[in-house]
Each structure stands twice: as C-alpha cells, then as structure tokens.
Amino acid sequence: MGMAIPFGEQLRDAHILVVGASQGIGLGFVTHLLQSDRVAQVYATYRQPETATRLLALTDSRLVTLPMDATDEGQIAAAMAAIGAVTQRLEGVINCVGFLHSEAQQPEKSVRQIDAEQLLEYFRVNSIPTALLAKHALPLLKGSDRSLFTTISAKIGSIGDNRLGGWYGYRASKAALNMFLKTIAIEYSRKSPNTTVVALHPGTTDTRLSQPFQRNVPAHKLFTVERTVTQLWQVISGLQAEDNGGFFSWDGTPLPW
Ligand SMILES: NC(=O)c1ccc[n+]([C@@H]2O[C@H](COP(=O)([O-])OP(=O)(O)OC[C@H]3O[C@@H](n4cnc5c(N)ncnc54)[C@H](OP(=O)(O)O)[C@@H]3O)[C@@H](O)[C@H]2O)c1
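Calculation criteria
- Residues numbered from 1 in each chain as written.
- Predicted model: local features only at pLDDT ≥ 70, side-chain atom pairs only at ≥ 80, totals over all residues.
- Helix = DSSP H or I, 4+ residues; strand = E, 2+ residues; numbered from the N terminus.
- Rg over C-alpha atoms; globule rule 2.2 N^0.38 Å.
- Buried ≥ 20, exposed ≤ 12 C-beta atoms within 10 Å, placed from the backbone.
- Contact = placed C-beta atoms within 7 Å.
- Expected span 1.5 Å × (residues − 1).
- Arc of directions from axis to C-beta.

Focus on the overall build of the chain
Each helix and strand in the chain was counted, giving eight helices and seven strands. In terms of overall size, the chain behaves like a compact globule, its C-alpha atoms giving a radius of gyration of 17 Å where 257 residues would be expected to give roughly 18 Å. Considering only C-alpha atoms, the chain reaches an extent of 50 × 40 × 35 Å along its principal axes. Looking at the chain as a whole, 40% of its 257 residues are labelled buried. The long-range fraction of contacts in the chain, counting pairs at least 24 apart against all pairs at least 6 apart in sequence, stands at 71%.

If you want it as structure tokens, here you go:
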C-alpha cells in the first residue's frame, strides 16, 4: 500500500548506509543526508583513513563511521553485524564505491592496452561489492516497511548507449554491475518486496575519479558534488514500487541497459 507513495515522502526516522563515503559522491551523500530531519542515523563506510579525513572530521551525533573495504566480504559481514547491533532495519543502502584510474592503471583506449589483471581490478571494485552487499544487507533492508538499495553506476556502462567505444574495463564492469542490480531487483521483489533496487547515473561530477578527463566537458555539464547528490536524492525521493529494477539518470530519465 505504502509503495504507491514516493520513497522520499514515506521516509521517517530513517537509517541509511552509505558505502564508499570517504570522498566524492559518497561523502556528498553523507553531508546531504545529515541535513534532512527525516534521517535518524547515517552509517558511512571508508576503506582507509588517509583518504577519509573529511568524513572522519564530521561531527554529528547521527553519524556512525565504519571501516569497511567493500571488496572484502569479511569486512562487509563485520560492518553489517555492527549496524545490526544498533538497528533492526535499514531504509537505504547507497553504494558509491567506484574506480576508473590510478597511477598504475589508466582506462584502455584500444584492445592493444587490454590487460587481464587490470580488467579484474575493474570488476573487483566496480561490480562485485554490490553483489556482496545485496547478500549481507538483505535482512536489514527486509526489516524496513520501505527501503532502497542502489549503486552509483554510469551511463558509460550502458550497452545500448555505447557509441564511442574505449574504456573496456570500466564499461564492462559497470555493465556487469547493472546486471547484478537487475538480478538483485528480481530476487528482492520476492524476498524483500518493500525494497526498491535501482542503478543511478550521476552525470559527470567534479571528483578525483573524473579529474583527468574533465578537459572536454562543457562547464554546465560538470556538476559539483553538492549538485549531483541533490539531483540524485531527488530521483531517489521520487522512486515508486514500479521503478524496481530500473536504471535512471541524474534528471530522473530512464536509461537503456
Ligand atoms: N565523477 C563522475 O563523473 C562519475 C560519473 C559517472 C559515474 N561515477 C560513479 O560514481 C561513483 C562515485 O565516484 P566518485 O566520482 O565519487 O569518485 P571518488 O571521489 O574517486 O570516490 C570513489 C570511492 O570509491 C572508493 N574506492 C575506490 N577504489 C577502491 C578500491 N580499490 N577498493 C575499495 N574502495 C575503493 C573510494 O575510496 P578511497 O577514498 O579509499 O579511495 C571512494 O570512496 C563511482 O562508482 C563512479 O564510477 C562517477
């Protein structure tokens, strides 16, 4: 019955988990959620304190920070157990973990640059954590009358929308992520029918991840983190039951798989 009401309107006294909250869009979600009086508790995970200094400097009695590397199932299980000791329900899981480049690894422009280890790294960080989270967060999401399970994907992971090619590992790992989310949505519709599962595209956002690739992005298409999380939260707030298993852009339009 409540599923006809948009997600955001039904939200009260919410407990929300943000995974990959050290910096970028994840950190933006944490600060955005802490401004809402509908949110009772934010659980924010980070894998290493060195890049999480801004998160760890936040002081809010509604914030619980948890060390957790989302690529490590044991650490996910431990973090869920810690959350389960505080609450029997979660209204939201928002996974913002993602990887595009490092000093050692750049996105492939050509098949000549394909490297098996580097491909595995993309899948390890961009695809698999969401499947592990779906496994371990189910009991808490089920405990809520209305909950959300989402991961920040990318339009570049859309197979139907792929016109430019390139970026093999990042594209394929986001396409795999999208398939995980769609498949989770189907299983959850039976096991946790109150949970809405979606993939979200944030738009190009000024973070470490996009930094080396911003040159050709027109200024009005490069969003600040604040703008992106405001837009994504608006999309999330408007979600209805029939949106389960969907892939949505930052302006709420559905994207092709
Ligand atoms: N920015 C954009 O333009 C854009 C566009 C489309 C999609 N996205 C997606 O949006 C999501 C958030 O990205 P962002 O722009 O906020 O990037 P970001 O600022 O680089 O943040 C990425 C997050 O992922 C974590 N992470 C990275 N590598 C990891 C690893 N090997 N193991 C565990 N955690 C790891 C980071 O933790 P550490 O701080 O510990 O490294 C950080 O919390 C990603 O999924 C990204 O693909 C971004």
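Once the structure has been displayed, the description carries forward.
Considering helix H8 (residues 225-237)
An ideal rise of 1.5 Å per residue puts 18 Å on 13 residues; H8 measures up with 18 Å between its terminal C-alpha atoms. Buried residues of H8: Val225, Thr228, Val229, Leu232, Val235 and Ile236, and no others. One side of H8 carries all its buried residues, which in axial view fall inside an arc of 120°.

Shape is all these values report; function is a separate question.
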